[in-house]
Amino acid sequence: MPCLDENLAAAFVGGSMAADAHADAALHVEGCPECRQLVAALIRGDRAQAAGVSHAATLPSSSPVTTAPERGTLVGRYVVLEPIGEGGMGAVYSAYDPILERKVALKLVRAAWEADTASEVKARLLREGKSIARLSHPNIVAVHDMGTFRGEVFIAMELVEGSTLKQWLRAKKRGWREVLDKFLAAGEGLAAAHRANLVHRDFKPENVLLGSDGRVRVSDFGLARSYETHSTLPDLRLPPGAVSSPEGAVVTQAGALVGTPAYMSPEQHARVGADAQSDQFSFCMSLWEALYGALPYAQPRATAAWRLVEPPAGADVPPWLRRAVERGLALEPDSRYSGLEELLAALAADPGKARRRRVRLGVTVGLSVLAVAAPSAWLSTRGGRLCQGAAGEVAAVWNPAHKGAVRAAFLATGRADATAELALAERALDAYWQAWAAMRTGACEATRVRGEQSDQVLSLRMACLDRRRGEAAALLELLGRADSEVVANAPAAVSALTGLASCSDVEALLAQVRPPEDPAVRVRLESVRARIGQAKARLDAGKYSDALALASEAVAAAKALDYRPAEAEALFLQGQTYERSGELGPAEQALLDAIAAAEAGRHDEVTARAATHLMLVLGARQARYAEAHAWGKLAGGAVARIGASGELRAALLQSEGLVLYAEGHLSEAVDHHQQAVALLEKLEPDGLNLAEALEGLGAAERGDRKPREALAAYDRALAIWAKKLGPDSDRVATARNGIANVHMLEGRFEEALAVYREALLAYEKTLGPTHFRTVTTVNNIGVVYAELGRYSE
């Protein structure tokens with residue numbers, strides 16, 4: 001095609017060309033620097049420069065949509081250092097990540113879209129970018145983060161020192177074997193993306209990086225999108241004039257042609273969409289070009305027939321390899337390989353290599369399969385070895401010696417129920433540590449073996465599990481010197497350990513606050529959080545005065561640290577301890593201070609938990625209903641920001657239900673408790689949080705005159721309490737009290753009397769004769785006697 005004049009270039013930019021002519025023009029512009037200069041001038045609206053363009057001119061830099069950031073500019077949390085490249089998708093800079101203390105590559109996506117869809121497109125880019133960021137594979141450039149800067153999207157990626165595959169191919173003549181090795185590695189990365197339901201849509205040699213470490217990585221997933229969902233949003237439209245070098249992609253402004261025409265599949269040219277089969281075609285286009293030095297098809301276009309050209313005479317490429325690549329170049333997607341894995345197996349099945357191996361090793365024909373399977377098997381074995389440390393970490397804190405110390409401490413109290421309480425606590429601890437080890441191993445393998453999640457997500461999950469390990473270790477230390485009070489509360493304390501499910505909630509983990517940048521402050525922060533863990537262990541074990549002293553120390557240390565998120569965590573625990581001790585005034589103040597610190601430190605989880613707890617203190621305990629609901633709205637906003645749908649959401653629903661019950665809004669209370677139960681059943685089918693929610697549901701259903709439903713809820717709660725805490729637990733007695741209350745509602749006084757007496761015996765044994773629950777149960781029995789006319793009793 002001849003060079004474009006100004007009128008043709010205007011038609012090209014405006015999208016008014018016919019599809020075939022547009023595709024031809026795109027191919028020509030890709031190879032003609034002068035025409036790219038003309039198109040770039042028109043995109044900028046510079047008609048004067050366009051009119052004066054000489055076809056002898058050199059290619060100017062394209063005009064970015066936003067002003068280029070200077071050195072030192074903050075883009076998100078990243079500090080811009082210097083520009084390192086530019087292409088059709090935008091400019092790339094080296095940058096510094098002060099949180100993780102490493103250099104990254106920062107791409108500013110340059111895009112043109114209609115004003116009425118800009119926010120939707122950006123939202124889609126960010127949403128799909130999260131999927132890419134969670135993808136981890138040795139042959140994919142890691143995407144660490146995405147966000148917006150000056151109204152455009154930025155992508156923070158792994159910084160790879162090296163060259164592109166295209167530069168490597170141009171540096172000198174390469175043999176087909178070394179070319180194939182590089183493409184097989186790149187294909188592994190592309191296949192991993194497909195397994196995660198991501199399509200690259202712009203695979204080409206320029207988008208494959210060869211690191212100085214020798215590793216091949218597929219890059220530039222900026223055009224990638226999920227093919228599991230079918231979005232109706234328009235595709236990202238990139239102006240053709242944005243191309244600033246022969247290495248860059250040409251992307252039309254038509255709104256559907258996305259990628260680089262020279263490597264695009266027929267279905268992409270025809271604008272019918274792109275999927276994994278389209279990526280396979282682009283991969284084979286690139287491989288053919290690398291093997292033979294030219295593209296396989298002459299002038300691909302949208303409607304005209306495609307013609308496969310003959311390779312150059314004397315090309316040193318074996319016939320089996322040519323046949324394998326040709327199948328991937330089939331014009332009909334259904335005629336290609338079923339997927340990248342099948343293509344890679346065909347490319348790796350070198351008959352000559354297999355024969356040489358059989359001669360060298362003297363093994364049977366069946367071992368030729370090993371040529372394909374060995375790399376993935378080696379990676380799996382190696383990854384498995386990397387992920388074997390969990391059992392050792394558990395053994396360091398929960399081993400026979402420590403179990404013996406706990407047993408000796410329990411028996412030394414002389415309690416009649418020490419052996420039974422010990423058995424329950426040990427069983428719960430064994431289950432906790434088994435689940436912890438399994439989750440830690442699974443988190444490691446998801447990144448190191450299966451490539452399902454990124455290094456960033458792995459780091460967040462490991463940090464979460466480390467915090468859970470520290471909390472459990474603090475409780476074990478307390479159990480190792482248990483007194484009578486600790487023994488009585490041991491099973492409940494173990495069951496109250498913070499659940500592990502949150503360490504798998506990737507969205508919530510990504511939303512968490514960042515640690516302080518100063519390494520010295522981080523060390524002091526660990527000390528503060530260890531103190532918080534010790535305080536929580538004592539709170540759950542019923543040692544309220546010890547817990548309050550440790551929590552107050554943690555508050556003071558966190559304030560001295562001047563790190564508001566840790567201050568919020570310590571204040572929240574302090575508020576919980578005051579409330580459990582019955583000191584409602586100090587509890588309210590501590591929880592208010594926790595919310596203020598959490599908001600200042602952007603610690604949404606503590607905001608949600610503290611506001612949820614404050615609802616109970618104000619509403620269920622003090623009948624200040626309007627204030628309670630106001631704090632509930634704040635908690636709901638924090639839960640929504642985190643994106644939490646599990647335990648946090650259930651806790652909020654449960655608190656709202658208890659306040660509504662206290663107000664007398666019984667049907668609404670039932671609805672809230674039912675929602676909480678449904679959420680917790682999915683998280684922990686026999687967890688203590690579920691038992692608590694079932695008790696709340698039973699009380700609300702009893703109040704709403706639904707005795708059958710109330711009994712079912714109480715029975716389920718009682719079964720969980722008995723299994724987790726033992727048949728004589730005070731929580732079992734509380735469930736019995738609820739059941740007896742339902743019998744009273746139905747006028748079944750003798751049955752109520754029998755159940756109240758069972759509850760009283762348990763309360764007297766566990767809480768003593770003067771505890772308020774014991775006294776309340778004595779009062780309940782008196783009410784039954786009055787109903788039966790047995791007034792002297």
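Residues numbered from 1 in each chain as written. Predicted model: local features only at pLDDT ≥ 70, side-chain atom pairs only at ≥ 80, totals over all residues. Heavy atoms only, no water.

Asker: How should I be thinking about empty space enclosed by the protein in this particular structure?
Answerer: Empty space among the atoms becomes visible once a probe the size of a water molecule is rolled across them. One pass over the structure, following the stated rule, counts two cavities of 30 Å³ or more. Empty space within the second largest cavity amounts to approximately 30 Å³. Of all the secondary structure elements, the ones that give two or more residues to the lining of the second largest cavity are α17 (455–479) and α20 (519–540). When residues in the lining of the second largest cavity are grouped by element, the largest group, three residues, is from α20. Here the residues of the lining of the second largest cavity sort into four nonpolar, no polar and three charged. (1 Å grid on protein atoms, 1.4 Å probe; cavity = no way out; pocket = protein on both sides within 12 Å on 5 of 7 lines; lining within 4 Å. Points joined across faces, edges and corners; volume = space filled by probe spheres on them. Helix = DSSP H or I, 4+ residues; strand = E, 2+ residues; numbered from the N terminus. Nonpolar A, V, L, I, M, F, W, Y, C, P; charged D, E, K, R; others polar.)

Asker: What is the right way to read the pairing of strand β4 (residues 102–109) from this model?
Answerer: As a general feature of sheets, a regular strand has side chains that alternate between the two faces. Taking burial as the measure, the eight residues of β4 include six buried ones, the bulk of the element. Taken together, the five bridges between β4 and strand β6 (residues 152–158) define a ladder with antiparallel strand orientation. Opposite Ala105, over in β6, you have Met157 as the bridge partner. (Buried < 20%, exposed > 50% of the residue type's maximum accessible area, 1.4 Å probe, protein only. Pairing = 2+ DSSP bridges.)

Asker: It is not clear to me how the environment of Glu158 should be interpreted in this structure. Could you clarify?
Answerer: Tracing the backbone through its elements, the reader meets Glu158 in strand β6. Not counting residues within four places of it along the chain, the set of residues in contact with Glu158 comprises Ala105, Ile140, Val141, Ala142, His144, Arg215 and Arg217. (Contact = heavy atoms within 4.5 Å.)

Asker: I keep staring at the confidence of the model for the protein chain and nothing clicks. Help me out?
Answerer: Low pLDDT means the predicted atomic positions in that stretch should not be read closely. Mean pLDDT over the protein chain works out to 80, with 78% of the residues at or above the 70 mark. Looking over the protein chain, one finds the lowest element-wise mean pLDDT in helix α13 (residues 370–386), namely 41, and the highest in helix α23 (residues 584–600), namely 95. Note that pLDDT drops below 50 for residues 53–65; the model gives that stretch 33 contacts with residues more than four away or on any other chain. Of the regions scoring below 50 in pLDDT, residues 112–117 engages in 10 contacts with residues more than four places distant in sequence or in other chains. (pLDDT = per-residue confidence, 0-100.)

Asker: How should the packing of helix α28 (residues 688–703) against helix α29 (residues 707–725) be read in this particular structure?
Answerer: Helix packing for two helices is described by the angle between their axes and how far apart those axes are. Put simply, α28 and α29 touch, their axes get as near as 8 Å, and they point 155° apart. The pairing of α28 with α29 is recorded here as roughly antiparallel in orientation. Like other packed secondary-structure pairs, α28 and α29 cross with a definite hand, here left-handed. Contacts from Leu688, Leu690, Ala691, Glu692, Leu694, Glu695, Leu697, Gly698, Ala699, Glu701 and Arg702 of α28 reach α29 at Glu709, Ala710, Ala713, Tyr714, Arg716, Ala717, Ile720, Trp721, Lys724 and Leu725. A per-class count over the contact of α28 with α29 returns 13 nonpolar, one polar and seven charged. (Axes fitted to C-alpha atoms, helices over the stretch in contact; angles between N-to-C directions. Parallel < 35°, antiparallel > 145°, perpendicular 65-115°, else oblique. Left-handed = near helix turned anticlockwise from the far one by under 90°.)

Asker: Would you take a moment to explain unusual backbone geometry for this structure?
Answerer: Look at Arg201: it is not a glycine, yet its phi comes out positive at around 75°. Tracing the sequence through the fold places Arg201 in the loop between β8 (198–199) and β9 (208–211). Phi at Ala623 is positive, roughly 60°, even though this residue is not glycine.

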